[in-house]
Amino acid sequence: MKEDIKSLTYDQLNTAVLDFSHESFRAKQIYQWLHKYGCKSFAEMTNISKSIRAKLSDKYYISSCEIEEKYVSKMDSTVKYLFKLSDGEYIESVVMKYKYGYTICVSSQVGCKMGCTFCASAIAGFSRNLTAGEIESQIHCAQSDLGIRISNIVMMGIGEPLDNFDNVISFLKNVNHENGLNISMRNITVSTCGIVPRIYDLMGYNFQLTLTVSLHAPNDEIRDSTMPVNHRYPIAEVIRACREYEKQTHRRVSFEYTLIRGVNDSEENAAKLADILSDFNCHVNLIPVNDVSEHSNVKSTKENMIKFCNVLKCKSINVTIRRTLGADINASCGQLRHQKQRGDVFENCCKNG
Ligand code: SAH
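Residues numbered from 1 in each chain as written. Predicted model: local features only at pLDDT ≥ 70, side-chain atom pairs only at ≥ 80, totals over all residues. Heavy atoms only, no water.

## Observations regarding the overall build of the chain
Part 1 of the argument: Along the chain, the regular secondary structure elements total twelve helices and 15 strands.
Part 2 of the argument: In terms of C-alpha radius of gyration, the chain reaches 21 Å, essentially the compact-globule figure of 20 Å for 353 residues.
Part 3 of the argument: Overall, the chain is about 70 × 50 × 35 Å in size when its C-alpha atoms are taken along their principal axes.
Part 4 of the argument: A total of 353 residues make up the chain; the buried ones form 56% of that total.
Part 5 of the argument: Partitioning the intrachain contacts of the chain with sequence separation of at least 6 by distance along the chain shows that 68% fall at a separation of at least 24. (Helix = DSSP H or I, 4+ residues; strand = E, 2+ residues; numbered from the N terminus. Rg over C-alpha atoms; globule rule 2.2 N^0.38 Å. Buried < 20%, exposed > 50% of the residue type's maximum accessible area, 1.4 Å probe, protein only. Contact = heavy atoms within 4.5 Å.)

## Some points on the site of the ligand
Part 1 of the argument: With respect to spatial proximity, 18 residues lie near the ligand, and among them Phe 118, Ser 191, Ser 214, His 216 and Asn 290 are the closest.
Part 2 of the argument: For the ligand, an oxygen atom lies 2.5 Å from a polar atom in the side chain of Ser 214.
Part 3 of the argument: Protein chains shield 91% of the accessible area of the ligand, which is 530 Å² for the free molecule.
Part 4 of the argument: For the shell around the ligand, the secondary-structure elements that each account for two or more residues are strand 10 (188-192) and strand 12 (253-259).
Part 5 of the argument: Split into classes, the residues belonging to the shell around the ligand amount to eight nonpolar, eight polar and two charged. (Near = heavy atom within 4 Å. Polar contact = N/O pair within 3.5 Å; in protein donor to acceptor, adjacent residues only side chain to side chain. Areas by Shrake-Rupley, 256 points an atom, 1.4 Å probe, with all protein chains shown as cover. Nonpolar A, V, L, I, M, F, W, Y, C, P; charged D, E, K, R; others polar.)

## A word on the pattern of salt bridges
Part 1 of the argument: A full pass over the atoms with the stated rule returns ten salt bridges.
Part 2 of the argument: One salt bridge connects Lys 80 with Glu 92, and the closest N-O pair in it is separated by 2.7 Å. Taken together, the residues Lys 80 in strand 4 (residues 79-85) and Glu 92 in strand 5 (residues 90-98) connect sequence positions twelve residues apart. No difference in accessibility class separates Lys 80 from Glu 92, as the two residues are buried.
Part 3 of the argument: Asp 87 is the salt-bridge partner of Arg 128, the closest N and O atoms lying 2.8 Å from each other. In this pair, Arg 128 is assigned in strand 8 (residues 128-129) and Asp 87 in the loop between strand 4 and strand 5, connecting sequence segments 41 residues apart. (Salt bridge = Lys/Arg side-chain N within 4 Å of Asp/Glu carboxyl O.)

## Overview of the pairing of strand 10
Part 1 of the argument: For strand 10, a buried count of five out of five residues is recorded, marking the element as mostly surrounded by other parts of the structure.
Part 2 of the argument: Of the two faces of strand 10, the one carrying Ile 188, Val 190 and Thr 192 and the one carrying Thr 189 and Ser 191 are both buried.
Part 3 of the argument: Across three bridges, the pairing between strand 9 (residues 150-155) and strand 10 is parallel. From the neighbouring strand, Met 155 faces strand 10, where its bridge partner is Val 190.
Part 4 of the argument: Assessed by its sense of winding, the connection that carries the chain from strand 9 through helix 5 (residues 165-176) to strand 10 is right-handed.
Part 5 of the argument: One ladder, built from four bridges, connects strand 10 with strand 11 (residues 210-214); its direction is parallel. Within strand 11, the position partnered with Thr 189 by the bridge is Thr 210.
Part 6 of the argument: Taking the sense of rotation as the criterion, the β-α-β connection linking strand 10, helix 6 (residues 196-205) and strand 11 turns out right-handed. (Pairing = 2+ DSSP bridges. Right-handed = clockwise from strand over helix to strand, strands pointing away.)

## Digging into the nonpolar core
Part 1 of the argument: Core analysis: the largest hydrophobic core is formed by 79 residues, its most contacted members being Phe 171, Leu 172, Phe 255, Leu 277, Val 284 and Leu 286.
Part 2 of the argument: Core analysis: the second largest hydrophobic core is formed by 20 residues, Ala 27, Tyr 31, Leu 56 and Ile 62 among them. (Core = buried A, V, L, I, M, F, W, Y, C linked by side-chain atoms within 4.5 Å.)

## Looking at the pairing of strand 3 (residues 65-72)
Part 1 of the argument: In this structure, strand 3 lies alongside strand 4, joined through seven bridges in antiparallel fashion. Counted as the bridge partner of Glu 69 is Leu 82 from strand 4.
Part 2 of the argument: Connecting the antiparallel pair strand 3 and strand 4 is a turn made up of six residues, with Ser 77 showing a positive phi of about 60 degrees.

## Topic: the packing of aromatic side chains
Part 1 of the argument: The tally for this structure, following the rule as stated, stands at eight aromatic pairs.
Part 2 of the argument: Ring centres of Phe 255 and Phe 280 lie 6.1 Å apart, and the angle between their planes is 65 degrees; on these two criteria the pair is classed as edge-to-face. Of this pair, Phe 255 sits in strand 12 while Phe 280 is found in the loop between helix 10 (267-276) and strand 13 (282-288), placing the two residues 25 residues apart along the sequence.
Part 3 of the argument: Both rings, one in Tyr 257 and one in Phe 308, keep their centres 5.0 Å apart while their planes meet at 40 degrees; by these two values the pair is tilted. Of this pair, Tyr 257 sits in strand 12 while Phe 308 sits in helix 11 (residues 302-314), and the two are 51 residues apart along the sequence. (Phe/Tyr/Trp six-rings, centres within 6.5 Å; stacked < 30°, edge-to-face > 60°.)

## Side note on the confidence of the model for the chain
Part 1 of the argument: On average, residues of the chain score 92 in pLDDT, and 91% of them reach the 70 mark or higher.
Part 2 of the argument: Under a pLDDT of 50 for its full length, residues 345-353 has, in the predicted model, 23 contacts with residues more than four places off or in other chains. (pLDDT = per-residue confidence, 0-100.)

## Structural notes on helix 9 (residues 235-249)
Part 1 of the argument: With 15 residues, helix 9 extends 21 Å from end C-alpha to end C-alpha; this agrees with the ideal 21 Å at 1.5 Å per step.
Part 2 of the argument: Taken together, the buried positions of helix 9 are Ile 235, Val 238, Ile 239, Ala 241, Cys 242, Tyr 245 and Thr 249. Buried positions in helix 9, seen along its axis, are confined to an arc of 160 degrees and lie on one side of it. Exposed and oriented more than 90 degrees from the buried face of helix 9 are Arg 240 and Lys 247.
Part 3 of the argument: Turning to helix 9, the residues buried within the fold contact helix 6, strand 11, helix 7 (220-226), helix 8 (229-232), strand 12 and helix 10.
Part 4 of the argument: Phi turns positive one or two residues past the end of helix 9, at His 250, with a value near 60 degrees. (Expected span 1.5 Å × (residues − 1). Arc of directions from axis to C-beta.)

Below, the structure written as structure tokens:
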């Protein structure tokens, strides 16, 4: 079994390359080919001798992904990709343009085990973790297709990043590395449904990234019914871990709160949320739930969203209502992979650009 060389961190690659060459700059060159330039084969590494390349390819492969489908929103030029992996599995990524540059939303797993009732990712089941190289390949592939440089990453695609912890850590080290994509940790967001022990593990690295926690409920009763992970790690433990995270890393934690009509969007729910977040320097992002055809969730009305938001504001909670991008291309993750498995097509947007 060959190993994915693109999943090795800089230090691991340095050690590995010593088996093939004692010239210390070789590892740096190989690392740049893999991470800065996103090369897909050893043959592209033209400044590395053929004999070293041959030895490398005996032991390693280079993970990559291919564009299977591409959708460009007519509303805001958001691009959504369905990528095919080397074993035929599908994952999704979305590229969004903001004033400050391009942001990519990447997947961390093929499917998801978490089973949140409003989310499309779980419907098609869980297949496997992505390697660190496969997570990064989504960025290389999108950059070369669009001819742009991506400056921001959000780990909000398919999967639960903290359920694929070690690979996600290697991915973060690699995209942040000066000989790789060199993306600042401050431009990276990791989103989790709240796997408490892994939140403590993550704070141990003291990365200056933004941790976002998908809260979606102000109490255990509602959260138990929409997010099965809450049975294992109830709200109080999640919030305690987040408060500790902020203390250790000095990074403000964000909370995602998807508003579902009649489920979690009352003013009492907002007051309770303000209560559990009181005296905590955090940020709450309110999101109207996206329709997922298999689920019966209904978006909150605009009026309810504003009321909810105002209750939080009155209690001095930092809160924003998220702008929705790519609404016509099912830009929320998990939907494309599932539809691909079912053989659906979209009508309302521009397929393949
Ligand atoms: N597993 C991670 C990251 C993936 S989901 C997590 O749970 O945070 C990224 C975000 O989209 C999460 O906040 C998730 O709860 C939210 N989400 C999932 N389905 C949604 C839907 N139908 N409408 C709105 N947000 C949704």
